[in-house]
Amino acid sequence: MTTLSRPALVVTADLVEATVPAPESLRPWLTELGRIPTIRDPAGSFAHVPQAATTIVLRRQESAPRAAFVIGPQTRARYYQPDKPAACLRLRLAPGAVRPLLGVPASALTDRVVRLTDLPGIAAGLAGELNELDADEIFAFLKDQLPQRISEDATRRAQRDILRSAVAALSARPDGRSMTALARELAVSERQLRNLFTAGIGVSPKHFARIGRVRRILSQVRAGTPVGGGEHEPPDATSLAQLAADNGYFDQSHMTADFRTLMGVPPRSFLRGAVPTPSPCRPLDRI
């Protein structure tokens, strides 16, 4: 048995990002720090795959001032052709941390990119310092600053704990979870669960699970999961059917439809590098 070939013509941000988990003291608010190196003349498109987390991005672009942005949850893939070499650091926010840090519900940021300083939360006041720090200084700085700036009551903390448990449960089950059963397990109603996800994540529980499954498929392909197909060939029907079964889809057509909705093209096209025409980097949104 051989492996699925990797996407050779599409570079994804996740593929080139190196991540470091947040220290325990920061995990109520952050999950990890990612580093994307400067990419010069990428062959083909540069893709940002769907992501259910909100991210603070610290841009390190040559011959340009450093800048801090916030990328909200992205419900669909975006394909770019970078016009200038740039590196960045990415601080990924924990479930339920968007309002305490950024001052708005996560749903206000879904599919949007804004300047950090345009937001009303406490993180905006740290933008200047974050822009000047090196990657290995950021966690120490935030460990000193966040505890004294964030104030949450018991209700907010309890909601964040429920949300974190729900995210862990959905992430651990590639075959999917019944929302009714999950809500019952967490002792909340389905409506309360949806509201917690909308405010704290920016997408519904079902859309969170859909994004997670597509990201797992991409991760399995990159890791060379043994699912059949030739090493330098597009995946065959058996390969895709196995991926679908492993990730909780009803069948291959169900997976293909979901993948196309989130990635813009079916799996075979993506793996051949046949993706939508890349666009210049998107303009900033306003809050």
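First, a word on scope: everything that follows refers to the structure included in this document. (Residues numbered from 1 in each chain as written. Predicted model: local features only at pLDDT ≥ 70, side-chain atom pairs only at ≥ 80, totals over all residues. Heavy atoms only, no water.)

Looking at the overall build of the protein chain
Looking only at helices and strands, the protein chain has 11 helices and 9 strands in total. By residue count, 47% of the 287 residues in the protein chain fall in the buried class. Counting only contacts in the protein chain whose residues sit at least 6 apart along the sequence, the fraction spanning at least 24 positions is 72%. By element, 51% of the accessible surface of the protein chain is carried by carbon and sulfur atoms, the whole surface being about 13,700 Å². (Helix = DSSP H or I, 4+ residues; strand = E, 2+ residues; numbered from the N terminus. Buried < 20%, exposed > 50% of the residue type's maximum accessible area, 1.4 Å probe, protein only. Contact = heavy atoms within 4.5 Å. Areas by Shrake-Rupley, 256 points an atom, 1.4 Å probe, with all protein chains shown as cover.)

Side note on the pattern of salt bridges
Evaluated as defined, the whole model comprises 9 salt bridges. For Glu24, the salt bridge goes to Arg27, with nearest N and O atoms at 3.1 Å. Residue Glu24 is classed as exposed on the basis of its relative accessible area of 60%. Its salt-bridge partner being Asp161, residue Arg164 comes within 3.0 Å of it at the nearest N-O pair. With Arg164 and Asp161 both in helix H5 (residues 154-171) and 3 residues apart, the pair spans about one turn of that helix. Through salt bridges with shared partners, a single ionic network connects Asp14, Glu17, Glu32, Arg90, Arg92 and Arg215. (Salt bridge = Lys/Arg side-chain N within 4 Å of Asp/Glu carboxyl O.)

Focus: the packing of aromatic side chains
Taken as a whole and assessed by the stated rule, the structure comprises 2 aromatic pairs. Ring centres 5.7 Å apart and planes at 70 degrees place the aromatic pair Phe197 and Phe208 in the edge-to-face group. Of this pair, Phe197 sits in helix H7 (residues 190-200) while Phe208 sits in helix H8 (residues 205-222), placing them 11 residues apart in sequence. A residue is classified by how much of its surface remains accessible, and Phe197, at 0% relative accessible area, is buried. With a centroid separation of 6.0 Å and an interplanar angle of 70 degrees, the aromatic rings of Phe259 and Phe270 are classed as edge-to-face. Taken together, the positions of Phe259 in helix H10 (residues 252-263) and Phe270 in helix H11 (residues 267-272) put the pair 11 residues apart, joining distant regions of the chain. Residue class for Phe259 comes out buried when judged on its relative accessible area of 2%. Positioned above the aromatic ring of Tyr249 is the side chain of Arg213, whose terminal nitrogen or guanidinium carbon lies 4.2 Å from the ring centre. (Phe/Tyr/Trp six-rings, centres within 6.5 Å; stacked < 30°, edge-to-face > 60°. Lys NZ or Arg CZ within 6 Å of the ring centre and 35° of its normal.)

Examining the sheet that holds strand E6 (residues 67-71)
With respect to topology, 6 strands assemble into an open sheet ordered E2-E3-E8-E5-E6-E9, the strand pairing being antiparallel. Because the sheet does not close on itself, it has two edges, and the strands there are strand E2 (18-21) and strand E9 (113-115). Taken over all neighbouring pairs, the strand axes of this sheet differ in orientation by 25 degrees on average, direction set aside. For E6 and E9, the ladder comprises 3 bridges, and the chain directions are antiparallel. Within the sheet, the bridge partner assigned to Ile71 lies in E9 and is Val113. Packed on one face of the sheet, helix H4 (residues 135-149) meets E2, strand E3 (30-36), strand E5 (55-61) and strand E8 (86-93) and runs near 160 degrees to E3. (Pairing = 2+ DSSP bridges. Axes fitted to C-alpha atoms, helices over the stretch in contact; angles between N-to-C directions.)

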